[in-house]
Amino acid sequence: MSESKPELPGDPQLPTSQQELEALAAEESGTYRYTVEDYFRKPALSAFRLSPDGARIAYRERDENGRRPIYVKQFDTGEINKIVSEDDELIGGYMWATGERLLFVKDKGGDENFQLFAVNTDGSAFKELTPFIGVKVMLLNELKEQPDHIIIQMNKDNPQLFEPYRIHIGTGELEKLYENTDPVSPVMGYHFDKDGRLRALTRQENGTEYVLYYRENQDADWQEVVRVSWKDSFSLIGFDYVSGNLHSAYVATNLENDTTELIRFDLLKKEKTETLFSHPVYDAGGLAVSRKRGFEIDYFYYTGEKDEVIPVSDTFKKLHRVFSDEFKGYEYDVAGYTDNEDRYLVFVGSDRLYGRYFLYDVAAGTFEKITDLMPALREEDMAPMKPISFTSRDGLNIHGYITLPNDTESGKTVPLIVNPHGGPYGPRDEWGFNPEAQLFASRGYATLQVNYRGSGGYGKSFYLAGSKQIGRKMLDDLEDAVAHVTKNYPIDSGRMAIYGGSYGGLATLGALVKTPDLYTCGVDYVGVSNLFTFYKSFPPYWKPFMGQLREQWFDFEDEAEQETMKAVSPALNVEKITKPVYVVQGANDPRVNINESDQIVLNLRERGYDVPYMVKYNEGHGFRHEENSIEFYRTMMGFFARHLKS
């Protein structure tokens with residue numbers, strides 16, 4: 001008796017045939033210096049990780065099939081071992097646990113139920129540490145003082161609730177550290193100290209409030225410290241081992257400021273003791289400390305027009321000066337360092353440089369170049385990304401970036417691709433190498449990225465200005481951005497497209513509904529199309545956020561807001577879409593169910609529109625397989641060529 005094939009997600013009759021997609025890709029017929037593959041093929045060597053003892057470096061090396069196994073190189077002998085192969089289920093990420101053992105995670109087909117694995121540096125002692133079906137595992141804390149253990153959290157006992165476990169990285173033996181059993185007031189954050197003691201909890205209460213609890217010692221009762229709504233932030237980001245106050249912690253908060261600031265806070269006395277860092281325009285990003293030097297603060301960081309580092313300790317002030325002098329004109333990032341802090345792994349990039357890795361020897365004061373991630377993409381051929389800002393129609397200061405083709409002729413205009421980011425609440429676009437924008441520029445298109453209201457990083461008022469504005473003022477911001485760049489840059493206002501993923505896909509469809517005459521065409525990538533069905537399709541671990549979603553997005557139980565939801569759900573307003581749309585979806589997407597894309601495609605086709613529709617059945621929320629990404633961008637370039645160049 002033959003086994004029946006598993007049922008495919010969504011409606012398998014809807015996706016466009018491979019032959020038709022290849023014909024779409026072929027519509028981009030120009031001759032260019034760089035191919036789509038040049039921008040979206042995985043680097044030959046990437047994802048370098050320096051071992052804690054400095055004896056080895058791990059990295060991923062692309063093979064002929066586009067897979068990226070993990071390798072380990074021994075510095076003293078030069079010996080290289082492939083320790084983990086990669087098959088059709090891709091490695092989601094990896095890290096050093098000790099100098100001898102690495103951890104990595106994998107899911108199944110993009111479902112984001114990541115499982116944890118471990119392996120030694122010679123490829124031995126491979127172990128699946130969390131062999132649990134339908135369970136999502138996330139790392140919580142390294143335990144440098146207990147090197148055979150780490151702390152993870154997973155929703156093993158209830159798919160809606162995450163609980164912390166101490167896990168042995170050799171055997172997989174588990175010890176549950178706290179029981180999270182109340183779905184009405186679930187614990188949403190666990191705060192362990194360096195010794196693995198659970199000292200604070202963040203619990204969600206009343207659906208929209210977050211309450212920080214602290215206990216003076218392991219035998220004491222939990223005491224409420226601070227209660228905030230989702231509209232404010234008070235995030236414990238680490239314990240303070242420097243001040244001598246056992247109850248002191250580092251907190252990121254906007255309770256006394258419009259922008260998020262970094263403070264010292266006494267958890268027992270429930271009071272701020274010191275403001276550490278604040279910026280008048282941008283939210284603080286965080287801080288880094290040195291374990292070797294008694295956990296003193298090395299630097300603060302935040303993202304403005306570019307990433308910024310504020311050195312604090314004398315040691316890091318010297319390092320910052322060395323790195324800044326060595327890499328003038330570029331951004332650097334400390335990608336890792338040894339426990340002894342005698343070697344630093346430094347990543348260097350810019351808007352025109354994909355990225356390079358360097359190893360810095362502190363004692364010798366020397367840099368060794370490890371690799372250039374994409375040497376074929378010559379820096380001088382890439383297009384610069386320029387920060388922009390403008391005032392919205394209702395007076396908000398909006399920031400963003402524009403990337404123009406290098407060879408724009410004087411007096412000539414170029415087509416524009418508006419690329420709204422996902423989220424929408426919290427994420428933002430940043431300056432740096434963007435392979436999409438570079439691909440578009442190479443084909444003669446300008447790219448506009450807008451940090452519309454609700455985007456993160458610009459303070460509480462700007463964040464809250466986006467509430468209830470999906471399909472409304474958020475789209476106004478995109479329109480105002482288009483008006484700004486068409487006035488100030490050589491943009492052809494008659495040839496403009498919009499393309500985005502996730503919320504950006506919803507914004508794409510929403511813009512085609514709201515302003516059908518503004519854009520020539522649109523590409524919806526894993527985007528929401530119907531807020532009613534979107535709400536009903538959440539994975540179980542999103543359920544606790546429903547209260548915030550009803551206040552920040554729309555309340556599906558309020559009749560007036562139901563009418564707004566109907567008005568801003570593109571699948572329910574397809575009669576207003578008059579321009580061509582290309583839809584792309586990962587079949588196993590746990591965030592935006594395939595039904596969202598199926599709906600918009602079916603509804604448009606029923607009105608007689610030809611809608612190309614790509615579905616990949618081994619992908620989730622965004623494509624991770626190299627061959628799928630390349631095919632997606634080839635077809636998107638064909639779609640844009642069809643509608644923007646004809």
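Our structure's up above, just so we're on the same page.
What this report covers is the structure whose coordinates are included nearby. In this text, all values refer to a predicted model and were calculated from it rather than measured experimentally. (Residues numbered from 1 in each chain as written. Predicted model: local features only at pLDDT ≥ 70, side-chain atom pairs only at ≥ 80, totals over all residues. Heavy atoms only, no water.)

**Observations concerning the overall build of the chain**
Helix and strand counts for the chain stand at 12 helices and 35 strands. Its C-alpha atoms give the chain a radius of gyration of 25 Å, near enough to 26 Å, the size a compact globule of 646 residues would have. With the C-alpha coordinates aligned to their principal axes, the bounding extent of the chain is approximately 70 × 65 × 60 Å. Residues classed as buried in the chain amount to 55% of the 646 residues present. (Helix = DSSP H or I, 4+ residues; strand = E, 2+ residues; numbered from the N terminus. Rg over C-alpha atoms; globule rule 2.2 N^0.38 Å. Buried < 20%, exposed > 50% of the residue type's maximum accessible area, 1.4 Å probe, protein only.)

**Digging into the environment of Asp38**
The residue Asp38 is located in helix H2 (residues 36-40) in this model. Among residues more than four places away in sequence, those in contact with Asp38 are Arg33, Met374 and Leu377. Of the polar contacts made by the side chain of Asp38, one reaches the backbone nitrogen of Thr35; its length is 2.8 Å. (Contact = heavy atoms within 4.5 Å. Polar contact = N/O pair within 3.5 Å; in protein donor to acceptor, adjacent residues only side chain to side chain.)

**Looking at the side chain of Arg453**
Within the secondary structure layout, Arg453 lies in the loop between strand E31 (446-451) and helix H5 (460-464). When its relative accessible area of 3% is taken as the criterion, Arg453 is described as buried. A polar atom in the side chain of Arg453 sits 2.8 Å from the side chain of Asp394. Looking at Arg453, its side chain comes within polar contact range of the side chain of Asp477, at 2.8 Å. Among all residues touching Arg453, those that are not within four sequence positions of it are Ser392, Asp394, Leu396, Ile398, Phe462, Ala465, Gly466, Gln469, Lys473, Met474 and Asp477.

**Some details on the nonpolar core**
Core analysis: the biggest nonpolar cluster contains 87 residues, and Leu267, Leu416, Leu448, Ile491, Tyr519, Leu531 and Ile600 have the highest contact counts within it. Counting residues per element, this core draws most heavily on helix H7 (residues 503-514), which supplies 7 residues. Discounting residues that sit within four places of it in the chain, Leu416 has contacts with Ala446, Thr447, Leu448, Val482, Val485, Ile491, Arg495, Met496 and Ala497. Membership of the second largest hydrophobic core comes to 33 residues, among which are Met382, Tyr445, Tyr525 and Met614. (Core = buried A, V, L, I, M, F, W, Y, C linked by side-chain atoms within 4.5 Å.)

**Considering the sheet that holds strand E29 (residues 397-403)**
In a beta sheet, neighbouring strands are held together by backbone hydrogen bonds and run either parallel or antiparallel to one another. Within the open sheet, the 8 strands sit side by side as E28-E29-E31-E30-E32-E33-E34-E35. Their pairing is mixed. Each edge of the open sheet carries a strand with a single partner, namely strand E28 (385-391) and strand E35 (613-616). Taking each pair of neighbouring strands and ignoring which way they run, the sheet shows an average axis angle of 20°. The sheet contact formed by E28 and E29 spans 7 bridges and is antiparallel. Looking across to E29, one finds that Lys386 is bridged to Ile402. (Pairing = 2+ DSSP bridges. Axes fitted to C-alpha atoms, helices over the stretch in contact; angles between N-to-C directions.)

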